[in-house]
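What follows is each chain in one-letter form.
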Amino acid sequence: QVQLVESGGGLVQAGDSLRLSCAASGRTFSRYAMGWFRQAPGQEREFVAASSRSGDNTYYADSVKGRFTISRDNAKNTVYLQMNSLKPEDTAVYYCAADPSSSYRATSPSRYDYWGQGTQVTVSS
C-alpha cells in the first residue's frame, strides 16, 4: 500500500510558477507509475501528467504541455509537478496518484490505485 501527501499549492498570479510535491510512504514507490490530476469545482477530475516508474518517460495533457513538467526522485519517494506560466484556468485541486501498471500513459483516474488528499492551486488574473 502507498500513502501519498501533496504539498506546494497556493494562490498565485497569472504567469507565475509553482512546484507541487507528492511524498509517498513505503519502500515500493519505484514500482509505481505516478500521475497528477486536477479537479475544478463542478468538473470531473482530469489528467495532467504522468511519469514512468523510472522517470525516464513522461506524458502530458495537451492543455499543460510545454508549461508543466513532471519529475520524480525515487530515492526520496517523491514526485513533483513544476508548473510555469500559470493561467486562471489552471485553478483546481491537484492530486497525485499511483498506478501499479508499467504504463506511463494512463489518463483515466480508474487506472490509479492510490490517491493523495489534494492541494489547492488558485491562479488569479
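Higher on the page you've got the structure.
Residues numbered from 1 in each chain as written. Predicted model: local features only at pLDDT ≥ 70, side-chain atom pairs only at ≥ 80, totals over all residues. Heavy atoms only, no water.

### What to know about the pattern of salt bridges
With the rule as written, the count across this model stands at four salt bridges. Glu 46 serves as the salt-bridge partner of Arg 38, at 2.6 Å between the closest nitrogen and oxygen. Judged by relative accessible area, which is 6%, Arg 38 ranks as buried. Look at Glu 46 and you get partly exposed, because its relative accessible area is 33%. A salt bridge links Arg 67 to Asp 90, with the shortest nitrogen-to-oxygen separation between them at 2.8 Å. Separated by 23 residues along the polypeptide, Arg 67 in the loop between strand S6 (58-60) and strand S7 (68-73) and Asp 90 in the loop between strand S8 (78-83) and strand S9 (92-99) bring together distant segments of the chain. (Salt bridge = Lys/Arg side-chain N within 4 Å of Asp/Glu carboxyl O. Buried < 20%, exposed > 50% of the residue type's maximum accessible area, 1.4 Å probe, protein only. Helix = DSSP H or I, 4+ residues; strand = E, 2+ residues; numbered from the N terminus.)

### Observations concerning the nonpolar core
Counting 35 residues, the largest nonpolar core has Trp 36, Leu 81, Met 83 and Tyr 94 as the members making the most contacts within it. If you list the elements that add at least two residues to this core, you get strand S3 (18-24), strand S4 (33-39), strand S5 (46-51), S7, S8, S9 and strand S11 (119-124). For this core, the element with the most residues is S9, which contributes five residues. (Core = buried A, V, L, I, M, F, W, Y, C linked by side-chain atoms within 4.5 Å.)

### Points about the packing of aromatic side chains
In the structure shown here, the tally under the stated rule is seven aromatic pairs. A ring pair is formed by Phe 37 and Phe 47, whose centres lie 5.7 Å apart and whose planes are at 75 degrees; its orientation type is edge-to-face. Placement of Phe 37 in strand S4 and of Phe 47 in strand S5 is noted, with a sequence separation of 10 residues between them. An identical accessibility class is assigned to Phe 37 and Phe 47; each is buried. (Phe/Tyr/Trp six-rings, centres within 6.5 Å; stacked < 30°, edge-to-face > 60°.)

### What about the state of the cysteines?
Across all of its chains, the model carries one disulfide by this definition. Between the sulfur of Cys 22 and that of Cys 96 lies a disulfide, 1.9 Å long from S to S. Linking Cys 22 and Cys 96, the disulfide has an S-S dihedral of approximately 55 degrees and is accordingly described as right-handed. One end of the pair, Cys 22, is in strand S3; the other, Cys 96, is in strand S9, with 74 residues separating them in the sequence. You can call Cys 96 buried: its relative accessible area is 0%. (Disulfide = S-S within 2.5 Å.)

Such coordinate-based values are descriptive only and should not be taken to indicate function.
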